[in-house]
Amino acid sequence: MGPALIDLVEKWIIQDKIKNIHVDSNYQLNIEDAYTIRDYDIVIFLDASVEDIDGFMLTRVLPADKVNFSMHSVSPSFVLHLCKEIYDYTPEAFLMHIKGYSFDLEEGLSRKASENLNLAFNFMKDLLSGPEISTKHLTGQFS
Amino acid sequence: MKRLNTINITTMGQKLTIEPVTRVEGHGKVTIHLDDENNVVQTRLHIVEFRGFERFIQGRPYWEAPVLVQRLCGICPVSHHLAAAKALDVIVGVGPDNISPTAEKMRRLMHYGQFFQSHSLHFFHLVSPDLLFGIDADPVKRNVLEVAKEFKDLAVQGIMMRKFGQEIIEATAGKKIHGTGAIPGGINKCLTIEEKMKFLIGKDPLNIDQMIEWAQSAVDLFKDYHKNNQDFIDNYATFPSNHLSLVRKDGALDIYHGVIRAVDPDGKKILHDVDYQDYLDYIAEEVKSWSYMKFPYLRSLGKKDGWYTVGPLARLNTCDFIPTPLAQKEFEIFKAYTNGKPNNMAMHMHWARLIETLYAAEMIKKLLNDPDLLEGELVRKGNKTIEGIGLLEAPRGTLFHHYRINKDDQIEMANLIVSTTNNNSSMNKAVELVAKANMNGRDKITEGMLNGVETAIRAYDPCLSCATHALGKMPLELTLFNSRNEVIDILRSE
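So, here's what we can say about the structure. These numbers were taken from a predicted model, which means no experiment stands behind them. (Residues numbered from 1 in each chain as written. Chains lettered and ligands numbered in written order. Predicted model: local features only at pLDDT ≥ 70, side-chain atom pairs only at ≥ 80, totals over all residues. Heavy atoms only, no water.)

### Some remarks on the overall build of chain A
Next, step 1: Summing up its helical and strand segments, chain A has 4 helices and 4 strands in all.
Next, step 2: Listed by position from the N terminus, the elements making up chain A come as α-α-β-β-α-β-α-β.
Next, step 3: Evaluated residue by residue, chain A yields a buried proportion of 46% over its 143 residues.
Next, step 4: Contacts spanning at least 24 positions in sequence make up 76% of the contacts within chain A whose residues lie at least 6 apart.
Next, step 5: In the form shown here, chain A has an accessible surface area of approximately 7600 Å², with 47% of it arising from carbon and sulfur atoms. (Helix = DSSP H or I, 4+ residues; strand = E, 2+ residues; numbered from the N terminus. Buried < 20%, exposed > 50% of the residue type's maximum accessible area, 1.4 Å probe, protein only. Contact = heavy atoms within 4.5 Å. Areas by Shrake-Rupley, 256 points an atom, 1.4 Å probe, with all protein chains shown as cover.)

Written as structure tokens, this is what we have:
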């Protein structure tokens, strides 16, 4: 879901020649992402979610107050915390949760996941086109 | 994540379960069985999750395998990518030894980049907290964020070394996710001159000379630590083992291609540089009812005695020399410590890992200066066969990929033996040793003791995700059993 949304956003910013937005994707977050985010004012992490939400949700991310690092599991808040410790800088950060349903080995997205992806993409376009990301965009669920 | 800090053992015949194994990947648990006097009578490292990747790729066109198998692991996708491509080199009739020089060198560069990033990540961010703060230190202190706070330069080095390796992978595999660089019979791109120059003389610190310097300083850091903590480093979870790895045909350390060699704890060769296409003649896998992870063994020695260790320590125990100057110098110091005999000290796995990090950096520099990377034949073709085996050394150890296809070019059989599976018996043995040393006669488990068990497992750098061929989310759970084998508590973390 994360890479799929990144692909959509990347095509959109290229097509509409939007400046000052950069995208990146990988199998998972890792320590070097602390280095990457130090250069940005605002960072939005994107990932699939199994939480009990409708469609998608945007929440604020703050530096972690506990450690949950392992090689295969690095959270956005850990990356923020590492960035703060090493580079003495914390960008504003948000997490886009996109509801997914089936995570077994198979190809492609389910129909409902695809719908959520499109909803999230449309929301992202509005969000990134606007002057700022404010609290009105947060924690609410959109479907 | 909630941790099991202390368990009071007041009844007879208790069974203690340590779950999850934190800072160890995937979903595993350790059970420790005590007798009436609270002495450890049995320990087991269980792998409790299984989703069969080998089944998933059945029916898929064979050429998809190098991309599909990367989903096995977010840390070593390149190992699976290349092992699959090597197996398919055989299937497309090019054979294991006949891809073009350009293709082999591009694949090697990708592989060394992966070794460099994975070993760096493992040492600086998983192991260094134990070494810098001590395995008994408060877990609030014993973590990478505290390393970042108190040893900022070290944490930055780890981050930049990992980033450099990742960028090598991106340049050679084509992209960060689901890279397509290696294809059956070769490779699909060369390195550009811009990419080459970026890695050779890139912006400080992201250039290869800085990486070599940092890799050397990491080896020195470990040696200094060893001097001051000799008893711990030499004796922790140490036991005699057979060792198995790929070596180059002339006996050099080689992580991409060669023959399989195994030595016993005294250095006697027990597998004599055999062709990995014949691995089934030499290696079998035992299934045990209590773990989804199989137990490989050498057929010639049988199930009881044929288990072996793979990974950095095994590679330095099986090879005769390292073909790069700085790493060779360190290899000689490493070998001299055991008078040329195999090194069976589990914590020396970290020493070996850092020597390999230096080796990978030197090999990257050597390849970056090789004109074959910039142009040359990318792909070769041959007469198709129905079966192929790819083998290489992943950061954690020897990795086998074996495929058979049908007349419609679909994969009909896949067998993957990953590094962690190869180390299954060794990790179980290490856990047993540590449990007996730390827990015999005790009626409490402290967090330090739990971390002691994990420290032993971490030396092997296990990836339980690869071992169970699973992917996606990994639920973490902590379960406590009483003497009647009843679950009395479960803690879960997300």
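### Brief notes about the overall build of chain B
Next, step 1: Counting its regular elements, chain B contains 18 helices and 16 strands.
Next, step 2: Expressed as a percentage of the 494 residues in chain B, the buried residues total 64%.
Next, step 3: For chain B, restricting intrachain contacts to residue pairs at least 6 apart in sequence, the fraction spanning at least 24 positions comes to 69%.

### Looking at helix H3 (residues 77-91) of chain B
Residues and elements named next belong to chain B.
Next, step 1: Compared with an ideal rise of 1.5 Å per residue, which puts 15 residues at 21 Å, H3 spans 21 Å between its outermost C-alpha atoms and is within 8% of the ideal.
Next, step 2: Across the 15 residues that make up H3, a large majority, 15, are buried.
Next, step 3: Phi for Gly93, located one or two positions after H3, is positive at around 85°. (Expected span 1.5 Å × (residues − 1).)

### Thoughts on the packing of aromatic side chains
Next, step 1: Inspection of every chain in the model, using the stated rule, returns 14 aromatic pairs over all chains.
Next, step 2: Both rings, one in Tyr62 of chain B and one in Trp63 of chain B, keep their centres 5.1 Å apart while their planes meet at 75°; by these two values the pair is edge-to-face.
Next, step 3: Relative to Trp351 of chain B, the ring of Phe334 of chain B lies with its centre 5.0 Å away and its plane at 75°, an arrangement referred to as edge-to-face. Here Phe334 of chain B is found in helix H13 (residues 325-337), whereas its partner Trp351 of chain B is found in helix H14 (residues 348-368), with 17 residues between them in sequence.
Next, step 4: Stacked on the ring of Tyr87 of chain A, the Lys or Arg Arg38 of chain A has its end atom at 5.0 Å from the ring centre. (Phe/Tyr/Trp six-rings, centres within 6.5 Å; stacked < 30°, edge-to-face > 60°. Lys NZ or Arg CZ within 6 Å of the ring centre and 35° of its normal.)

### As for the packing of helix H8 (residues 208-228) of chain B against H13 of chain B
Residue and element names in this part refer to chain B.
Next, step 1: As a packed pair, H8 and H13 sit with axes 11 Å apart at the nearest point and diverge in direction by 15°. The orientation of H8 relative to H13 falls into the category roughly parallel. Crossing handedness for the pair H8 and H13: left-handed. Between H8, through Ile212, Gln216, Val219, Asp220, Lys223 and His226, and H13, the contact on the second element is made entirely by Leu326, Glu330, Ile333 and Tyr337.
Next, step 2: Tallied by class, the residues present in the contact of H8 with H13 amount to 5 nonpolar, 2 polar and 3 charged. (Axes fitted to C-alpha atoms, helices over the stretch in contact; angles between N-to-C directions. Parallel < 35°, antiparallel > 145°, perpendicular 65-115°, else oblique. Left-handed = near helix turned anticlockwise from the far one by under 90°. Nonpolar A, V, L, I, M, F, W, Y, C, P; charged D, E, K, R; others polar.)

### Points about the nonpolar core
Note that soluble globular proteins tend to have their nonpolar side chains buried in a common cluster.
Next, step 1: Ranked by internal contacts, the top residues of the largest apolar core, which has 144 residues, are Leu82 of chain A together with Ile57, Phe116, Phe164, Ile208, Ile364 and Tyr403 of chain B.
Next, step 2: Here this core gets 14 residues from one element, more than from any other, and that element is helix H4 (residues 101-133) of chain B.
Next, step 3: Those residues within four positions of Ile208 of chain B in sequence are excluded, and the remaining contacts are Phe164, Phe199, Leu200, Ala361, Ile364, Lys365 and Leu368 of chain B.
Next, step 4: Of all hydrophobic cores here, the second largest spans 21 residues; its members include Ile6, Leu46, Met96 and Phe121 of chain A. (Core = buried A, V, L, I, M, F, W, Y, C linked by side-chain atoms within 4.5 Å.)

### Comments concerning the sheet that holds strand S13 (residues 397-405) of chain B
Think of a sheet as strands paired side by side through backbone hydrogen bonds, with each pair either parallel or antiparallel.
Residues and elements named next belong to chain B.
Next, step 1: Read from one edge to the other, the open sheet built from 3 strands follows the order S12-S13-S14, with strand pairing classed as antiparallel. Bordering the open sheet on either side are strand S12 (387-394) and strand S14 (411-417), each of which pairs with just one other strand. If you compare each strand with its neighbour and ignore which way they point, the axes differ by 15° on average.
Next, step 2: Relative to S14, S13 runs antiparallel, the two sharing 6 bridges. Bridging from a neighbouring strand, Tyr403 pairs with Ala414 of S14. (Pairing = 2+ DSSP bridges.)

### With respect to the sheet that holds strand S7 (residues 259-263) of chain B
All names here are of chain B.
Next, step 1: Read from one edge to the other, the open sheet built from 4 strands follows the order S8-S7-S6-S11, with strand pairing classed as mixed. Two strands lie at the open edges of the sheet, namely strand S8 (269-274) and strand S11 (308-309), each paired on one side alone.
Next, step 2: Direction of pairing for strand S6 (residues 242-247) relative to S11: parallel, over a ladder of 2 bridges. Within S11, the position partnered with Asn242 by the bridge is Tyr308.

### Side note on the pattern of salt bridges
Residues and elements named next belong to chain B.
Next, step 1: On inspection of all chains with the given rule, the structure shows 29 salt bridges over all chains.
Next, step 2: Between Lys223 and Asp220 there is a salt bridge, with its nearest N and O atoms 3.8 Å apart. One end of the pair, Lys223, and the other, Asp220, are both in helix H8, 3 residues apart, so they sit about a helical turn from each other.
Next, step 3: Residue classification places Asp220 among the partly exposed residues on the basis of a relative accessible area of 31%.
Next, step 4: For Glu412, the salt bridge is made with Arg404, and the minimal N-O distance between the two is 3.0 Å.
Next, step 5: Judged by relative accessible area, Glu412 falls into the partly exposed class, the value being 37%. (Salt bridge = Lys/Arg side-chain N within 4 Å of Asp/Glu carboxyl O.)

### A closer look at a nonpolar patch on the surface
Residue and element names in this part refer to chain B.
Next, step 1: Residues Ile193, Met197 and Ile201 make up a contiguous nonpolar surface patch of about 280 Å² in total accessible area.
Next, step 2: Mapped onto the elements of the fold, Met197 is located in helix H7 (residues 193-201).
Next, step 3: The exposure class of Met197 is partly exposed, given its relative accessible area of 34%. (Patch = residues over 30% accessible without salt bridge, like charges linked within 9 Å, V, L, I, M, F, W, Y side chains within 5 Å.)

### Re H4 of chain B
Residue and element names in this part refer to chain B.
Next, step 1: With 33 residues, H4 extends 46 Å from end C-alpha to end C-alpha; this agrees with the ideal 48 Å at 1.5 Å per step.
Next, step 2: Bending of H4 peaks at approximately 55° at the position of Val127, with proline Pro129 no more than four residues after it.
Next, step 3: Of all 33 residues that make up H4, 29 are buried, and the element is covered over most of its length.
Next, step 4: Once H4 finishes, Gly134 follows within two positions and takes phi at roughly 95°, a positive value. (Bend = angle between axes of the 7 residues up to and from the residue.)

### Let's talk about the packing of helix H3 (residues 76-87) of chain A against helix H6 (residues 152-173) of chain B
Next, step 1: Close contact between H3 of chain A and H6 of chain B brings their axes to 10 Å; oriented N to C, the two are set at 125°. When the axes of H3 of chain A and H6 of chain B are compared, the pair comes out oblique. The chirality of how H3 of chain A crosses H6 of chain B is left-handed. In contact with Leu82, Glu85, Ile86 and Tyr87 of chain A of H3 of chain A, H6 of chain B contributes Lys152, Ala155, Val156, Ile159 and Met160 of chain B.
Next, step 2: A class-by-class count of the residues in the contact of H3 of chain A with H6 of chain B yields 7 nonpolar, no polar and 2 charged.

### Notes on unusual backbone geometry
Next, step 1: The backbone phi angle of Asn20 of chain A is positive, close to 65°, even though this residue is not glycine.
Next, step 2: A relative accessible area of 75% means that Asn20 of chain A is categorised as exposed.
Next, step 3: In the Ramachandran plot, Asn339 of chain B falls in the positive-phi region, its phi being about 55° despite a non-glycine side chain.
Next, step 4: Look at Asn339 of chain B and you get exposed, because its relative accessible area is 73%.

### Some thoughts on the pairing of strand S2 (residues 56-61) of chain A
The two faces of a sheet get side chains in turn, since along a regular strand they alternate between them.
All names here are of chain A.
Next, step 1: In terms of residue burial, S2 counts as a mostly covered element, since 5 of its 6 residues are buried.
Next, step 2: By the bridge criterion, 6 bridges tie S2 to strand S3 (residues 92-99) in an arrangement that is antiparallel. Across the sheet, residue Val61 finds its bridge partner in S3, namely Ala93.

### Here we look at the pairing of S3 of chain A
All names here are of chain A.
Next, step 1: S3 sits mainly inside the fold: 7 of its 8 residues count as buried.
Next, step 2: As paired strands, strand S1 (residues 42-49) and S3 are joined by 8 bridges and run parallel to one another. What sits directly across from Phe45, in S3, is Leu95.

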